[in-house]
Amino acid sequence: MSRFGNIGHRLYQGEISFDFVGRRKLWYSISGVIVLVAAIGLAMGLHLGIEFKGGSVYTVNKPGLSVSQAQDAANKITHDSTALVQKTDKGDVRIQVSSASNVDAETFTEQLAKDLGVPQNEVNAQVIGPSWGHEISQKALLGLVIFMVLVTIYLAVAFEWRMALAALVALIHDLLITIGVYALVGFEVTPGTVIGFLTILGYSLYDTVVVFDTVKENTRGIAKQNKRTYSEAANLGLNQTLVRSINTTVVALLPVAALLFIGGGILGAGTLNDISLALFIGLAAGAYSSICVATPLLAQLKEATPEMKDLAKRVAQRRAADAKAAEQAGGDQAGDGEPDGDVPAGMVGQRNQPVGRARGKGRPSGKH
């Protein structure tokens, strides 16, 4: 761990550096492939929960009732296998039936109680209309739009519009990837999923703002010098916050991974998957986008300005002059070790002796 901390210190001091900004074409290509795969998943369609498409939910309280038994009974009533059956945390069996099954709640309740051998009052039925789900979807979309607008305004005021644009692109990047993964794996989209989406957007924004704040400090008054370009200063700020971003992401992913893989996968608490998958994918995508998307895009936008173009020229000229001076200095040092053509070979070692001492050498001292 101390070694990792030492790497972080060296990154902060600029002793070592990873060129994230200089490799932005590579990161753009990787992001493009991931977003393309996510778009294919979205084209296949999302598996919307009953809260969004309408239907009925039936909760059966019977000790020893298995999911497979309830699934067989539900399939017999609906004449298909579209019913979703899950175990709840209390041990009850929860059956979701879409409104497309065309089976009214009263008929389904009576037949289900008969097939499972339970009293009808032990089957709790809840009908959810599609209008309620449509209203929830509209409010979620409205909240997302308002969030994006407020974020853009805040970043434009606190930093500048280029940082706001880069952060907005990173947010959309994370959202598309997370939704695309949901479509590809076939997880159900519920209100818990929407909460997870909004949570990861906040996290992604937080990580991006931390990096941008360091970049802002490193680039303050950068046009007044000629030692480094804007991209190099931005890359330095990115490296200075790299270890912090990794640590924050790992610490955030550990409890989410426990919910997703242990709670939802091993223990079978399927209701945890709704929010844990969104958080897991979103947190990982947010860390990646703040490092490999937002900051390289910001540097690209800034380098396109006339002021930064002029700075890049001055930096290149200074480095060319320094390289030329170093080359000349190396040539002069190599020439000092060679004898002049008109000096005898035996006198090479005496070229730099003081004149007075050279003249007095070999004369009588006047003492007998």
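Residues numbered from 1 in each chain as written. Predicted model: local features only at pLDDT ≥ 70, side-chain atom pairs only at ≥ 80, totals over all residues. Heavy atoms only, no water.

## Overview of the overall build of the protein chain
- In terms of helices and strands, the protein chain carries 13 helices and six strands.
- Put simply, 76% of the contacts in the protein chain that link residues at least 6 apart link residues at least 24 apart.
- Of the accessible surface of the protein chain, which amounts to about 20900 Å², a share of 60% is contributed by carbon and sulfur atoms. (Helix = DSSP H or I, 4+ residues; strand = E, 2+ residues; numbered from the N terminus. Contact = heavy atoms within 4.5 Å. Areas by Shrake-Rupley, 256 points an atom, 1.4 Å probe, with all protein chains shown as cover.)

## Re the side chain of S290
- Here S290 lies in helix α11 (residues 273-303).
- Taking the relative accessible area as the measure of exposure, S290 reaches 0% and is therefore buried.
- Within the local environment of S290, its side chain forms a polar contact with the side chain of D207, the two groups lying 2.9 Å apart.
- When sequence neighbours within four positions are dropped, the list of residues in contact with S290 reads D207, T208, V211, L238 and T295. (Buried < 20%, exposed > 50% of the residue type's maximum accessible area, 1.4 Å probe, protein only. Polar contact = N/O pair within 3.5 Å; in protein donor to acceptor, adjacent residues only side chain to side chain.)

## Here's the deal with the packing of helix α7 (residues 161-185) against helix α8 (residues 191-218)
- Taken N-terminus to C-terminus, the directions of α7 and α8 make an angle of 145°; their axes are 10 Å apart at the nearest point. The interaxial crossing formed by α7 with α8 has right-handed handedness. The segment α7 lies against α8, with M163, A166, A167, L171, D174, L175, T178, I179 and Y182 engaging T193, F197, I200, L201, S204, L205, T208, F212, V215 and K216.
- Within the contact of α7 with α8, the residues separate by chemical class into 13 nonpolar, four polar and two charged. (Axes fitted to C-alpha atoms, helices over the stretch in contact; angles between N-to-C directions. Left-handed = near helix turned anticlockwise from the far one by under 90°. Nonpolar A, V, L, I, M, F, W, Y, C, P; charged D, E, K, R; others polar.)

## Focus on the sheet that holds strand β3 (residues 84-87)
- Across the sheet, which stays open at both edges, the four strands sit in the order β3-β4-β2-β5 with antiparallel pairing between neighbours. Edge positions in the sheet fall to β3 and β5 (123-128), since each of these pairs with one other strand and no more. Here the average twist between neighbouring strands, direction ignored, is 15°.
- Relative to strand β4 (residues 93-98), β3 runs antiparallel, the two sharing four bridges. (Pairing = 2+ DSSP bridges.)

## Points about the side chain of N235
- Note on placement: N235 falls in helix α9 (residues 230-240).
- On the basis of relative accessibility, which here comes to 6%, the residue N235 falls in the buried class.
- At a separation of 3.1 Å, a polar atom in the side chain of N235 contacts the main-chain amide nitrogen of V21.
- Apart from the residues lying within four places of it in its own chain, the contact partners of N235 are S17, F18, D19, F20 and V21.

## Digging into the confidence of the model for the protein chain
- The predicted model of the protein chain has a mean per-residue pLDDT of 79, with 81% of residues at 70 or higher.
- Within the protein chain, helix α2 (residues 24-44) carries the highest mean pLDDT (91), whereas helix α13 (residues 355-360) carries the lowest (43).
- Low pLDDT (under 50) marks residues 340-368, which in the prediction has five contacts with non-local residues, meaning those over four places away or in another chain. (pLDDT = per-residue confidence, 0-100.)

## Overview of the nonpolar core
- Among the nonpolar cores identified, the biggest contains 53 residues, and L155, F212 and Y230 are the most heavily contacted of them.
- Among the secondary structure elements, those contributing two or more residues to this core are α6 (130-158), α7, α8, α9, α10 (242-266), α11 and α12 (306-336).
- No other element matches the 12 residues that α11 contributes to this core.
- Here Y230 is in contact with M163, V215, T219, I222, L298, A299, K302, E303, M308 and L311, once residues within four sequence places are set aside. (Core = buried A, V, L, I, M, F, W, Y, C linked by side-chain atoms within 4.5 Å.)

## What to know about the packing of aromatic side chains
- Taken as a whole, this structure holds four aromatic pairs when the rule is applied.
- Between F18 and F20, the ring centres sit 6.2 Å apart and the planes meet at 55°, which makes this aromatic pair tilted.
- Plain terms: the ring middles of F20 and W27 are 6.2 Å apart, the flat faces sit at 35° to each other, and that makes the pair tilted. An identical accessibility class is assigned to F20 and W27; each is buried.
- Ring pairing ties together the aromatic residues F18, F20 and W27, which thus form one cluster. (Phe/Tyr/Trp six-rings, centres within 6.5 Å; stacked < 30°, edge-to-face > 60°.)

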